[in-house]
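Residues per chain, in single letters:
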Amino acid sequence: MYFSKHDKNIRYINHFSGLLEVEGEGALCREDAEVWPESNKNWAKEYDTLSITEGITELGEGYLEAFPGLDCLILSRTVLSAAVTPELVKTMQKRKVLIRGEYDTYAESFAKEHKLAFLHCDIHIADDDIEIAHEHDIITLRFHTDGPPDIHYNCFTPGSSAGSYGGGEYANVLPGDFYVGCTMEQFAGNFSERVREQILSNDAIRRFLESANRRGEK
């Protein structure tokens, strides 16, 4: 984890997969890309996916330029603007940067305005605790540019010795039009009763189903 030298409330969660998540509130500025305890000035080049999480509303001038290795930019629904120069847009187009976010948000408008590909962001569905198996599953609806959507299960179980963990991952492929006519109740019916209330109260799933079906009606 890194912290902005400019604003201590801006946090960076780094992942070995190349994903960097930015947490905080309000606007991000160029100076927020200077972090501690990282001493390497080129630290941002290590990440190809930048996820701007909910709470952040704006990407100020020069901020995105601090991440020259970007292949994917994920903008949460709270992001309402992102400053870019013509040079940066050309670079993003050349790199074929993928923009991800929810339908009918600034993320989709940003992609359309700058002629960049757009893909709906993945949606966390629920956390399933299976007590009898001492298992914790993180369930996610995933979207892909090169294949159909799927339901991904990241499963965590106790390991064979104290302090170790087992588990694994698997995914169930969905038809591309799985959302057509699908209500929240029908969607929840595909999962265990243990997570039904989590799903029925999941606003991100609700927004996706409503938006996707409106698009299908056009």
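Residues numbered from 1 in each chain as written. Predicted model: local features only at pLDDT ≥ 70, side-chain atom pairs only at ≥ 80, totals over all residues. Heavy atoms only, no water.

A. Broad picture of the side chain of N202. Positionally, N202 belongs in the loop between helix 4 (196-200) and helix 5 (203-217). With relative accessibility at 11%, the residue N202 sits in the buried group. At 3.0 Å, the side chain of N202 and the backbone nitrogen of A204 are in polar contact. With near-sequence residues (within four places) excluded, N202 lies in contact with I123, H124, I125 and M184. (Helix = DSSP H or I, 4+ residues; strand = E, 2+ residues; numbered from the N terminus. Buried < 20%, exposed > 50% of the residue type's maximum accessible area, 1.4 Å probe, protein only. Polar contact = N/O pair within 3.5 Å; in protein donor to acceptor, adjacent residues only side chain to side chain. Contact = heavy atoms within 4.5 Å.)

B. Structural detail: the pattern of salt bridges. Applying the stated criterion across every chain yields a total of nine salt bridges. Between R142 and D150 there is a salt bridge, and its shortest N-O distance comes to 2.9 Å. Classification of D150 as buried rests on a relative accessible area of 7%. What you see here is one network of salt bridges that share partners, running through D104, E108, R214 and R215. (Salt bridge = Lys/Arg side-chain N within 4 Å of Asp/Glu carboxyl O.)

C. Main features of the sheet that holds strand 7 (residues 56-59). What the three strands build is an open sheet, ordered 4-7-9; its pairing is parallel. Here the strands that pair on one side only, and so sit at the sheet edges, are strand 4 (26-28) and strand 9 (81-82). (Pairing = 2+ DSSP bridges.)

D. Structural context of the side chain of T49. Along the polypeptide, T49 turns up in strand 6 (residues 49-52). In this structure T49 comes out as buried when scored by relative accessible area, which is 16%. A distance of 3.0 Å separates the side chain of T49 from the side chain of D48, its partner in a polar contact. For T49, the contacting residues outside a window of four places in its chain are G18, L19, L20, L70, C72 and I74.

E. Quick peek at the nonpolar core. Of all hydrophobic cores here, the largest spans 32 residues; its most connected members are Y12, L50, I52, Y63 and L73. For this core, the elements supplying multiple residues, two or more each, are strand 3 (19-23), strand 6, strand 7, strand 8 (72-75), helix 1 (86-95) and helix 2 (106-113). Those residues in contact with Y63 that sit more than four places away from it in its chain are Y12, V22, L28, C29, R30, D32, A33, L50 and I52. In terms of nonpolar packing, the next biggest core, distinct from the first, is built from 29 residues, L98, L174, C182 and I199 among them. (Core = buried A, V, L, I, M, F, W, Y, C linked by side-chain atoms within 4.5 Å.)

F. The layout of surface pockets, seen in detail. Considering only enclosed or pocket space, the largest pocket measures out at about 1000 Å³ in volume. Of all elements in the fold, only strand 3, strand 6, strand 8, strand 10 (98-101), strand 12 (123-130), strand 13 (135-142) and strand 14 (150-158) reach the threshold of two or more residues within the lining of the largest pocket. Counted by class, the lining of the largest pocket contains 12 nonpolar, 12 polar and eight charged residues. Put simply, the second largest pocket is a space of about 280 Å³. (1 Å grid on protein atoms, 1.4 Å probe; cavity = no way out; pocket = protein on both sides within 12 Å on 5 of 7 lines; lining within 4 Å. Points joined across faces, edges and corners; volume = space filled by probe spheres on them. Nonpolar A, V, L, I, M, F, W, Y, C, P; charged D, E, K, R; others polar.)

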